[in-house]
Amino acid sequence: MKTEQWNGYPIRFVDHEGEWWAVLADIANALGLNQRKIKQRLPREVVSKHPIKDSKNRMQEMLIVNEFGIYETIFSSRKKEAKAFKSWIFEVIKNLRQATGLEGFEVFRMLDKEHQKQAMKRLSDGLGHASQVDHIKANTIANKAVSNLYGLPKMVKKNEMSESMLKDREAILDETVELMTVKERYGLPISVSQAIYNKNKRA
């Protein structure tokens, strides 16, 4: 665990599953927010629990939030210092990553993992009854579209893609999820895969 000071407020960070998460109570205290209300509106995947020692050296399960969750929380604060706090958080987490040797592509993969979760949540919310098959379909279409875009004869799996391919994949996955949702909502007689492949042809 690492503790950093911001305007006199201690903000604790913990290494949770290879990522730096902040103690939600510390963030709420620094921004003048209610921790319970924050937790209620944050997506479930950006909040977790972690054993942390309290002031009496007892281990307590405390709520923690990842970087996305921190930024979402900051948006709720009306403090004029909130913008400065966001910049401070960004630099602190960046330095923590550098100190543990986690930089560059590894960091991007972490952020891409979060994007993937959010995309699948949007798909589930949009379809209302999204199944595992729907999730697999969306990801397969995105993977094949990226492979086509880069002129590759076979579909490349997500974990085998380069950073540039993953960046393009994020936008394509968003388009795929949106089109699948619109097709379902309006009962459109279209092929999502063909529409995505046609839009992302190699020049």
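Attention in this report is confined to the structure presented alongside it.

About the criteria used
Residues numbered from 1 in each chain as written. Predicted model: local features only at pLDDT ≥ 70, side-chain atom pairs only at ≥ 80, totals over all residues. Heavy atoms only, no water. Phe/Tyr/Trp six-rings, centres within 6.5 Å; stacked < 30°, edge-to-face > 60°. Helix = DSSP H or I, 4+ residues; strand = E, 2+ residues; numbered from the N terminus. Pairing = 2+ DSSP bridges. Axes fitted to C-alpha atoms, helices over the stretch in contact; angles between N-to-C directions. Core = buried A, V, L, I, M, F, W, Y, C linked by side-chain atoms within 4.5 Å. Buried < 20%, exposed > 50% of the residue type's maximum accessible area, 1.4 Å probe, protein only. Contact = heavy atoms within 4.5 Å. Salt bridge = Lys/Arg side-chain N within 4 Å of Asp/Glu carboxyl O.

**Some words on the packing of aromatic side chains**
Under the counting rule described, the total for this entry stands at 4 aromatic pairs. For the ring pair Trp-6 and Phe-85, a centre distance of 4.6 Å and an interplane angle of 70 degrees mean the geometry is edge-to-face. Taken together, the residues Trp-6 in strand S1 (residues 2-6) and Phe-85 in helix H4 (residues 82-99) connect sequence positions 79 residues apart. When the centroid spacing of 5.7 Å and the interplanar angle of 25 degrees are considered together, the rings of Phe-85 and Trp-88 count as stacked.

**Concerning the sheet that holds S1**
Spatial ordering of the open sheet is given by S1-S2-S3-S5-S4, a layout of 5 strands whose pairing is antiparallel. The sheet is open, and its two borders are formed by S1 and strand S4 (47-53), each paired with just one other strand. When the angles between neighbouring strand axes are averaged without regard to direction, this sheet yields 45 degrees. Bridge analysis of S4 against strand S5 (residues 59-65) gives 7 bridges, and the strand direction is antiparallel.

**Some details on the nonpolar core**
With 26 residues, the main nonpolar core has Ile-11, Phe-13, Ile-27, Ile-70, Phe-85, Trp-88 and Ile-89 as its most contacted residues. Those elements giving two or more residues to this core turn out to be strand S2 (9-16), strand S3 (19-23), helix H1 (24-31), S5, helix H3 (67-74) and H4. It is H4 that contributes the most residues to this core, 7 residues altogether. The contact partners of Phe-13, leaving out residues within four places of it in the chain, are Met-1, Lys-2, Glu-4, Trp-20, Trp-21, Ala-22, Trp-88, Ile-89, Val-92, Ile-93 and Leu-96. Of all hydrophobic cores here, the second largest spans 20 residues; its members include Ala-138, Ala-145, Val-146 and Ile-196.

**A look at the pattern of salt bridges**
Here the structure, examined in full by the defined rule, presents 5 salt bridges. Close ionic contact of Asp-112 with Lys-158 constitutes a salt bridge, the shortest N to O distance being 2.6 Å. With Asp-112 in helix H5 (residues 104-127) and Lys-158 in the loop between helix H6 (132-149) and helix H7 (163-186), this pair connects stretches of sequence that are 46 residues apart. Note on Asp-112: relative accessible area 3%, which makes it buried. By relative accessible area, which is 23% here, Lys-158 ends up partly exposed. Across the pair Arg-122 and Asp-174 runs a salt bridge, and its minimum N-O distance is 2.5 Å. Here Asp-174 lies in helix H7 and Arg-122 lies in helix H5, a separation of 52 residues in the sequence.

**Considering the pairing of S3**
Of all 5 residues that make up S3, 5 are buried, and the element is covered over most of its length. Judged from the 4 bridges that link them, S2 and S3 form a sheet pairing that is antiparallel. When the sheet's bridge partners are listed, Val-14 is paired in S3 with Trp-21. Between S2 and S3, which pair antiparallel in sequence order, lie 2 residues; one of them, Glu-17, sits at a positive phi of approximately 55 degrees.

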